[in-house]
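# A closer look at the structure
Here are the chains, one letter per residue:
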Amino acid sequence: MKLRTFGPLAAAGCALLTLGSPAVANMGNSPSTYGLLPGDIASAQALSIFNSQISAVYYNPANLAKDPRGELTGGIFHAEHDLEANGRRIVDEPSQQLQLGLKTDLSSLSTLDHPLYFGLMVGVEKFAQEMMAFSSETSDYGQYFTYGRQPLFLTAGVGTSVWRGIDVGFALRVTLHADATLNTRSTLGGVTSQESLNVSAAPKFRPILGVNVNWGETFCSRASCWMDNLETAISYRAYSNTRTKVRSNVIVPGTIPAPGLALAIQTLDSFQPEITTLGVKYDFGSFRLGFTGEYQAWSRLERELRNDTIKDQANANFKDIFIPRIGVEIPAGDHFTFTGGIAWEETPIEGRRSMDVNYLDADRWVLGLGMSATIPKMPLLAYPVRLDLGYQYQQLDEKTYELTSSNPLTPPGVYGTVETGGEVHVFAGSVTLKF
């Protein structure tokens, strides 16, 4: 009788959490898991902090000031997952995003004779067919902590030059926090009536700050000096997440009288920790080499999960991590540039178990390759067109976890020790028009 009583409510709650489309529960987000544009993916994000394309609005908005021209960018990426636990495939559904970006000079809107560049970038899952990929659940066989389809990505910001060679930028990452209220009457057979459902979503804004310094422009007074080819950059991205609250009340005549059975669910997904990135790049003439160190403060997630009614029993522990990245750009003539990168990403999960939730993760190597091509003359266009292609390979190390459950009715043999493993392939392409 209890299962039948709760059945309508459980189904409604699941529908609200997934918003009409099932997705793999994860704490990842596409910009930090894979990269945004092909150049970011190809350099394993090592050169993203110096990238002057529209993805700068996320990685380092100061770089919006590098190029005075406006730009319109359209891109796609496809991330193919082959992730296993003891030979059982856990994640096999791809993440597929359509991305659009716009940059323009806002100085014409004011009387100030100082350039102020505005950038906006949007990413939508399943090639723009899924606005909010969200799922939160416990798992019998384990679920990967980072990978899966991603919710709506939206970031807007501005960048400007403050002194010779010094650019600064500020942006806002926008995530959605949804609230839903369900009131209904139900029979023991699961037939509902007098339903009332209200859903609202409010945007939450998280700041992104960036500074870029070209040391030659700033400190060299003569025509040529060695610092002309040296750039450093620092950026800070505040933590963010996607969150859903569901409040429900069910009356079952003859079994549960008014005011009814009240249930409340609060859960979060796609958590991004505070990320501080410091990078240095030097142009050697025949190639450009960049080093980036990225500090991710994952320990905050422990506090966030205490209020998550689906995952609060997991008692998972997380640690802050440091990710080193190295990237290189090699020009080939006037119209082609080849990009490569490598990174070592440590898992933030400490320990080997997370009750019922059963998160899986592992340290990984990230390798990237890509190229960009500039087409100098196109019919009806005043500026060259830029084409970018990128590929990324992620190889997960093996790590042992213990699958656990607090449910006494769990069938024997389901839980035990598992080993993670697998790989991820990411393909991306984009077209950029200047104006």
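All figures in this text were calculated on a predicted structure; none of them were measured in a lab. (Residues numbered from 1 in each chain as written. Predicted model: local features only at pLDDT ≥ 70, side-chain atom pairs only at ≥ 80, totals over all residues. Heavy atoms only, no water.)

The helix and strand inventory of the protein stands at 7 helices and 22 strands. Over its C-alpha atoms the protein spans a radius of gyration of 24 Å, differing by no more than 12% from the 22 Å that the globule rule assigns to 435 residues. By its C-alpha atoms, the protein is 90 × 50 × 40 Å across when sized along the principal axes. Across the 435 residues that make up the protein, the buried fraction comes to 50%. (Helix = DSSP H or I, 4+ residues; strand = E, 2+ residues; numbered from the N terminus. Rg over C-alpha atoms; globule rule 2.2 N^0.38 Å. Buried < 20%, exposed > 50% of the residue type's maximum accessible area, 1.4 Å probe, protein only.)

Membership of the largest hydrophobic core comes to 35 residues, with the highest contact counts inside it found for Met27, Phe145, Leu301 and Phe318. Of all the secondary structure elements, the ones that give two or more residues to this core are strand S1 (71–85), strand S2 (88–91), strand S11 (256–272), helix H7 (300–305), strand S15 (321–332), strand S18 (359–360) and strand S22 (417–434). Every residue in contact with Phe318, bar those within four places of it in the chain, is listed here: Phe145, Trp298, Ser299, Leu301, Glu302, Leu305, Pro348, Ile349 and Glu350. If you look at the next biggest cluster of nonpolar residues, it comprises 14 residues, including Leu37, Ile54, Leu64 and Phe153. (Core = buried A, V, L, I, M, F, W, Y, C linked by side-chain atoms within 4.5 Å. Contact = heavy atoms within 4.5 Å.)

As a further point, take the pattern of salt bridges. Oppositely charged side chains can form a pair if their charged atoms are brought close together. In the structure shown here, the tally under the stated rule is 18 salt bridges. A salt bridge links Glu71 to Lys434, with the nearest nitrogen and oxygen atoms 2.9 Å apart. Taken as a pair, Glu71 in strand S1 and Lys434 in strand S22 lie far apart in primary sequence, 363 residues in all. With its nearest N and O atoms 2.9 Å apart, the salt bridge here joins Asp388 to Arg386. The partly exposed category is assigned to Arg386, whose relative accessible area is 27%. Here the residues in one salt-bridge network are Glu294, Arg325, Glu345, Asp361 and Arg364, joined through shared partners. (Salt bridge = Lys/Arg side-chain N within 4 Å of Asp/Glu carboxyl O.)

Along the chain, the position of Phe435 falls in the segment after S22. Phe435 gets classed as partly exposed once you look at its relative accessible area, which sits at 45%. For Phe435, the residues in contact, after removing those within four places along its chain, are Arg69, Gly70, Glu71, Leu72, Leu102, Lys103, Thr104 and Tyr383.

The next point concerns the confidence of the model for the protein. If pLDDT is low for a region, its predicted coordinates should not be looked at in detail. Averaged over every residue, the pLDDT of the protein is 89; the share at 70 or more is 93%. Per-residue pLDDT stays below 50 along residues 1–23; that stretch engages in 38 contacts with residues further than four places along the chain or on separate chains. (pLDDT = per-residue confidence, 0-100.)

To continue, consider the state of the cysteines. Two cysteines whose sulfur atoms are joined by a covalent bond form what is called a disulfide. Enumeration according to the criterion identifies 1 disulfide in this entry. The residue that forms a disulfide with Cys220 is Cys225, at a sulfur-sulfur distance of 1.6 Å. An S-S torsion of about 65 degrees defines the bridge between Cys220 and Cys225 as right-handed. As far as the burial class goes, Cys220 and Cys225 line up, both buried. (Disulfide = S-S within 2.5 Å.)

Here the focus is the side chain of His81. Topologically, His81 is positioned in strand S1. From its side chain, His81 meets the backbone oxygen of Glu93 in a polar contact 3.0 Å long. When near neighbours in sequence (up to four residues on either side) are disregarded, His81 contacts Tyr34, Arg89, Val91, Asp92, Glu93, Pro94, Ser95, Tyr147, Gly148, Glu423 and Val424. (Polar contact = N/O pair within 3.5 Å; in protein donor to acceptor, adjacent residues only side chain to side chain.)

The residue after Ala258, namely Pro259, is reached through a cis peptide bond having omega 10 degrees. Residue position: Pro259 is located in strand S11. We note that Gln45 has phi near 65 degrees; this positive angle belongs to a residue other than glycine. Inspection of the secondary structure assignment puts Gln45 in the loop between helix H3 (38–42) and helix H4 (56–59). Of note in this structure, Leu380 is not a glycine but carries a positive phi near 70 degrees. Counting through the fold element by element, Leu380 comes out in the loop between strand S19 (364–375) and strand S20 (385–396).

Our next topic: the pairing of strand S6 (residues 153–163). Of the strand pairs in this sheet, strand S4 (residues 117–124) and S6 are connected by 7 bridges, and their pairing is antiparallel. Across the sheet, Tyr117 pairs through a bridge with Gly159, a residue of S6. Of the pairings in the sheet, the one linking S6 to strand S7 (residues 166–186) comprises 9 bridges and is antiparallel in character. For Leu154, the partnering residue across the bridge sits in S7 and is Val174. Taking the residues between adjacent antiparallel strands as the criterion, S6 and S7 are bridged by 2 residues, where Gly165 takes a positive phi near 80 degrees. (Pairing = 2+ DSSP bridges.)

Applying the stated criterion to the full structure yields 14 aromatic pairs. Ring centres 5.8 Å apart and planes at 50 degrees place the aromatic pair Phe271 and Trp298 in the tilted group. Of this pair, Phe271 sits in strand S11 while Trp298 is found in the loop between strand S13 (288–297) and H7, placing the two residues 27 residues apart along the sequence. Phe271 gets classed as buried once you look at its relative accessible area, which sits at 0%. Consider the rings of Trp344 and Trp365, whose centres lie 4.9 Å apart with planes at 55 degrees: the pair is tilted. With Trp344 in strand S16 (residues 336–345) and Trp365 in strand S19, this pair connects stretches of sequence that are 21 residues apart. Above the face of the Tyr239 ring, Arg206 is positioned so that its terminal group lies 4.3 Å from the ring centre. (Phe/Tyr/Trp six-rings, centres within 6.5 Å; stacked < 30°, edge-to-face > 60°. Lys NZ or Arg CZ within 6 Å of the ring centre and 35° of its normal.)

Attention now goes to a nonpolar patch on the surface. The grouping of Leu72, Leu102, Met378, Leu381, Leu387, Val431, Leu433 and Phe435 at the surface amounts to a nonpolar patch, some 610 Å² of accessible area in total. If you trace the backbone, Leu102 turns up in strand S3 (residues 95–105). Residue classification places Leu102 among the partly exposed positions, given a relative accessible area of 32%. (Patch = residues over 30% accessible without salt bridge, like charges linked within 9 Å, V, L, I, M, F, W, Y side chains within 5 Å. Areas by Shrake-Rupley, 256 points an atom, 1.4 Å probe, with all protein chains shown as cover.)

Next up on the list: the pairing of S11. Where strand S10 (residues 240–252) and S11 come together, 11 bridges link them in antiparallel fashion. Residue pairing across strands places Arg243 opposite Leu268, the latter belonging to S11.

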